[in-house]
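Notes for the structure review
Chain residues, written in single-letter form:
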Amino acid sequence: MDVAESEAKARWVRHQVLEMIAGARRGHIGGSFSSTDILVALYYGGLLRFDSSNPEWELRDRFIMSKGHSAEALYAVLAGVGFFDIEVLRTYGESGSILGGHVDHNLSGIEVSTGSLGHGLGIAAGLALAAKLDRKDYLSVVLLGDGECYEGSIWESAMFGAHQGLGKLVAIIDRNRQITLDYTEDANRLDPLLQKWEAFGWEAVELNGHAFEDIFRAWEHVRARQSDRPIVLIANTIKGKGVSFMEGDLAWHHNVPSGEQLEIARRELEIDV
């Protein structure tokens with residue numbers, strides 16, 4: 001997919017997220033919107049190796065959505081690329097639905113259940129070590145929230161990955177600079193985040209997490225590099241990206257749009273429903 005196609009697909013994904021959350025009256029819309037472009041690039045842009053008709057394909061790249069509360073965006077993407085029927089999205093949040101508020105490994109295309117923050121990087125590091133020992137070429141990729149980087153387990157895993165020489169371990173940070181009720185730099189400063197990862201022995205790259213050109217360029221480097229250092233992509237994003245009144249507003253960590261707000265969001269996402 002080129003940039004224009006990717007942007008159109010991202011609008012479609014955000015629309016699906018909007019309708020899922022509005023219908024269920026629950027969800028995490030802000031973080032789902034901030035991570036949408038990253039997920040679209042990974043799955044629609046050909047960055048990840050996967051086969052939706054064979055989810056257990058041995059050579060697939062392993063992807064872990066560590067910020068599991070942003071499940072809605074991943075559900076929409078996985079349905080869109082064929083892991084399950086798109087109509088299933090309409091059941092989100094209903095009693096008995098396979099789509100819960102956090103990602104679940106029982107759903108096709110999801111490697112690990114997540115939601116308790118801080119665990120995804122350690123699991124990805126274990127998968128990367130297994131690949132190294134088995135001489136497999138797949139990547140182990142994990143999407144982290146920046147607030148998640150407050151967890152000590154993240155830095156334990158970062159040390160482990162560098163010490164073990166896990167060059168096929170890739171972390172992506174959704175750097176939207178917000179947590180549930182505050183801004184990261186006011187609550188507990190993370191900057192200088194890039195230099196911190198470098199100090200832990202990682203290669204660190206900063207990019208615009210909403211610019212597909214940046215994401216694609218960074219991934220070309222990920223694929224081409226010959227290194228035993230793990231790599232982290234710090235993707236600067238905007239929480240609530242795509243809907244003007246949500247962007248950067250702390251209220252939209254898990255607020256639910258309704259009435260006029262819902263209609264405005266639909267119009268801004270160029271959706272006629």
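Throughout what follows, the structure given in this document is the object of discussion. (Residues numbered from 1 in each chain as written. Predicted model: local features only at pLDDT ≥ 70, side-chain atom pairs only at ≥ 80, totals over all residues. Heavy atoms only, no water.)

Our focus in this paragraph is the pattern of salt bridges. Counted according to the given criterion, the structure contains 18 salt bridges. Among the salt bridges present, the one from glutamate 58 reaches lysine 136, with a minimum N-O distance of 2.9 Å. Here glutamate 58, found in the loop between α2 (29-43) and β1 (62-65), pairs with lysine 136, found in the loop between α4 (120-134) and β2 (140-145); they are 78 residues apart in sequence, far enough to count as distant. Between aspartate 214 and arginine 217 there is a salt bridge, with its nearest N and O atoms 3.1 Å apart. Of this pair, aspartate 214 and arginine 217 both sit in helix α8 (residues 212-224), 3 residues apart, which is roughly one turn of that helix. Each member of the salt-bridge network shares a partner with another, and the members are Arg49, Asp61, Asp137, Lys168 and Arg223. (Salt bridge = Lys/Arg side-chain N within 4 Å of Asp/Glu carboxyl O. Helix = DSSP H or I, 4+ residues; strand = E, 2+ residues; numbered from the N terminus.)

All right, on to the sheet that holds β2 then. As summarised here, the arrangement of the 5 strands in space is β1-β2-β3-β5-β4, forming an open sheet in which the pairing is parallel. Only two strands of the sheet have a single partner each, and these edge strands are β1 and β4 (203-208). The average angle at which neighbouring strand axes cross in this sheet is 20°, direction not considered. (Pairing = 2+ DSSP bridges. Axes fitted to C-alpha atoms, helices over the stretch in contact; angles between N-to-C directions.)

Per the stated rule, a full pass over the model turns up 9 aromatic pairs. The interplanar angle of 75° and the centroid separation of 4.9 Å between the aromatic rings of tryptophan 197 and tryptophan 202 together place this pair among those described as edge-to-face. By relative accessible area, which is 0% here, tryptophan 202 ends up buried. Cluster of aromatic residues (ring-pair linked, three or more members): Tyr43, Phe50, Phe63 and Phe83. Here lysine 9 stacks its cationic end above the ring of tryptophan 12, 4.9 Å away from the centre of that ring. Across the ring face of tyrosine 138, the terminal group of arginine 62 is positioned such that the distance to the ring centre comes to 3.8 Å. (Phe/Tyr/Trp six-rings, centres within 6.5 Å; stacked < 30°, edge-to-face > 60°. Buried < 20%, exposed > 50% of the residue type's maximum accessible area, 1.4 Å probe, protein only. Lys NZ or Arg CZ within 6 Å of the ring centre and 35° of its normal.)

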